[in-house]
Amino acid sequence: MLNLLTAEKIKIFRSRKLWIALGILFLLPLIQVMNSQLTVNYGTELVQAKDTVINGATGILMMEKNGLTILLVISAFINFFIGEEFQNGTIRNTLSLGRSRTHYYLSKFVIAAFVSLVGVIGMTAIGMISFSIVFGFGEVAEIGNYFNYAIKTFSTLYLLILANVSIYVMISFITKNSSFALVWSFLYTIATGFLPGMFLQTEHFKQVTNWFTETFLFYSDFAKDIAQFPKMVLVSLVTIVLSSALGILLFKRTDIK
């Protein structure tokens, strides 16, 4: 497993896809702070519920503000990162050395999770710094101890994103093709992102949406819904375990040609 991770680390740092994905995530907060400044200059007041990030303190919510963009960027990276292994046939070289398919699958998931973590840490840090410089550090009205809130919120948001990372990894291993994986990941993200918003308006399907991580990521107010954090963590962990188990099971039964 460690040998696989070492090989993956060397491979990923040489990949142009990694730097493109991280570049997009790191550049986004800078664009948004400039846009927010222009909005204020034109006489419009920033509102927390609408704008999410209005100062350095609320910069911890960069992941919530950019949830859809993060998922689309990370899914594209994962789809190409894993899909090309099947298309170029390099997966056969690794498996021919007697490497466990479970370890191979998990190594890809660990690398994808690490890249996602680096991306969201960078985005959050740049967001907090840039918004602090332009608007001041500020505070969150509903929060007393901001440091504890920031740790809990970042951890919860990252787990919600990590749950989707596990889905994208599973899709990539099932499709074994970058293009197909990209299409299915996009459809999954859009469907689970917008359908819960419709289902939340109904009584019969309202509870079902609570088992989609996108329901929390896109429709929750993380300044007020702190009591929901344990449920968000539970749903994320269940999603990670189930999708990883299913992905490994199907990968073990796959005929690698």
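Residues numbered from 1 in each chain as written. Predicted model: local features only at pLDDT ≥ 70, side-chain atom pairs only at ≥ 80, totals over all residues. Heavy atoms only, no water.

1. Topic: the overall build of the protein chain
Point 1. For the protein chain, the helix and strand inventory stands at 11 helices and zero strands.
Point 2. Counted from the first residue to the last, the protein chain has its helices and strands arranged as α-α-α-α-α-α-α-α-α-α-α.
Point 3. The buried share among the 257 residues of the protein chain stands at 48%.
Point 4. Of the contacts made within the protein chain by residues no fewer than 6 positions apart, 79% connect residues no fewer than 24 positions apart.
Point 5. With the model as given, the accessible surface of the protein chain reaches about 13000 Å², and the carbon-plus-sulfur share is 66%. (Helix = DSSP H or I, 4+ residues; strand = E, 2+ residues; numbered from the N terminus. Buried < 20%, exposed > 50% of the residue type's maximum accessible area, 1.4 Å probe, protein only. Contact = heavy atoms within 4.5 Å. Areas by Shrake-Rupley, 256 points an atom, 1.4 Å probe, with all protein chains shown as cover.)

2. Details of a nonpolar patch on the surface
Point 1. Taken together, the side chains of Phe180, Val183, Trp184, Phe186 and Leu187 define a hydrophobic patch exposed on the protein surface, amounting to about 550 Å² of accessible area.
Point 2. Summarising the element assignment, Phe180 is placed in helix α9 (residues 178–199). (Patch = residues over 30% accessible without salt bridge, like charges linked within 9 Å, V, L, I, M, F, W, Y side chains within 5 Å. Salt bridge = Lys/Arg side-chain N within 4 Å of Asp/Glu carboxyl O.)

3. Thoughts on the pattern of salt bridges
Point 1. Per the counting criterion, the structure on display carries two salt bridges.
Point 2. A salt bridge links Glu84 to Lys17, with the nearest nitrogen and oxygen atoms 3.1 Å apart. Taken as a pair, Glu84 in helix α5 (residues 67–87) and Lys17 in helix α2 (residues 16–41) lie far apart in primary sequence, 67 residues in all.
Point 3. For Glu84, a relative accessible area of 28% gives the class partly exposed.
Point 4. Given the relative accessible area of 26%, Lys17 is considered partly exposed.
Point 5. The residue Lys108 makes a salt bridge to Glu85 at a minimum N-O spacing of 2.6 Å. Here Lys108, found in helix α7 (residues 101–135), pairs with Glu85, found in helix α5; they are 23 residues apart in sequence, far enough to count as distant. For the pair formed by Lys108 and Glu85, the shared burial category is buried.

4. Overview of the packing of α7 against helix α8 (residues 146–175)
Point 1. α8 packs onto α7 with a crossing angle of 140 degrees between their chain directions and a minimal axis gap of 9 Å. The pairing of α7 with α8 is recorded here as oblique in orientation. Classified by chirality, the crossing of α8 by α7 is right-handed. In this structure, α7 contributes Tyr104, Tyr105, Lys108, Phe109, Ala112, Ala113, Ser116, Leu117, Val120, Ile121, Thr124 and Met128 to the contact, and α8 contributes Tyr146, Phe154, Tyr158, Ile161, Leu162, Val165, Ser166, Val169, Met170 and Phe173.
Point 2. Considering only residue class, the contact of α7 with α8 consists of 18 nonpolar, three polar and one charged. (Axes fitted to C-alpha atoms, helices over the stretch in contact; angles between N-to-C directions. Parallel < 35°, antiparallel > 145°, perpendicular 65-115°, else oblique. Left-handed = near helix turned anticlockwise from the far one by under 90°. Nonpolar A, V, L, I, M, F, W, Y, C, P; charged D, E, K, R; others polar.)

5. Section: the nonpolar core
Point 1. Ranked by internal contacts, the top residues of the largest apolar core, which has 65 residues, are Ile78, Tyr149, Val165 and Val169.
Point 2. Those elements giving two or more residues to this core turn out to be α2, α4 (62–65), α5, α7, α8, α10 (213–219) and α11 (229–252). (Core = buried A, V, L, I, M, F, W, Y, C linked by side-chain atoms within 4.5 Å.)

6. Thoughts on the side chain of Ser220
Point 1. As for its position among the elements, Ser220 is in the loop between α10 and α11.
Point 2. Not counting the four nearest positions on each side in its chain, Ser220 is found in contact with Glu64, Thr215, Asp225 and Met232.

7. Some words on the packing of aromatic side chains
Point 1. With the rule as written, the count across this model stands at 12 aromatic pairs.
Point 2. Taking the centre distance of 6.3 Å and the plane angle of 85 degrees together, the rings of Phe86 and Phe251 count as edge-to-face. A residue pair is termed long-range when its members are at least 10 positions apart, and Phe86 in helix α5 and Phe251 in helix α11 qualify at 165 residues. No difference in accessibility class separates Phe86 from Phe251, as the two residues are buried.
Point 3. What links up through ring pairs into an aromatic cluster is the set Phe86, Tyr104, Tyr105, Phe173 and Phe251. (Phe/Tyr/Trp six-rings, centres within 6.5 Å; stacked < 30°, edge-to-face > 60°.)

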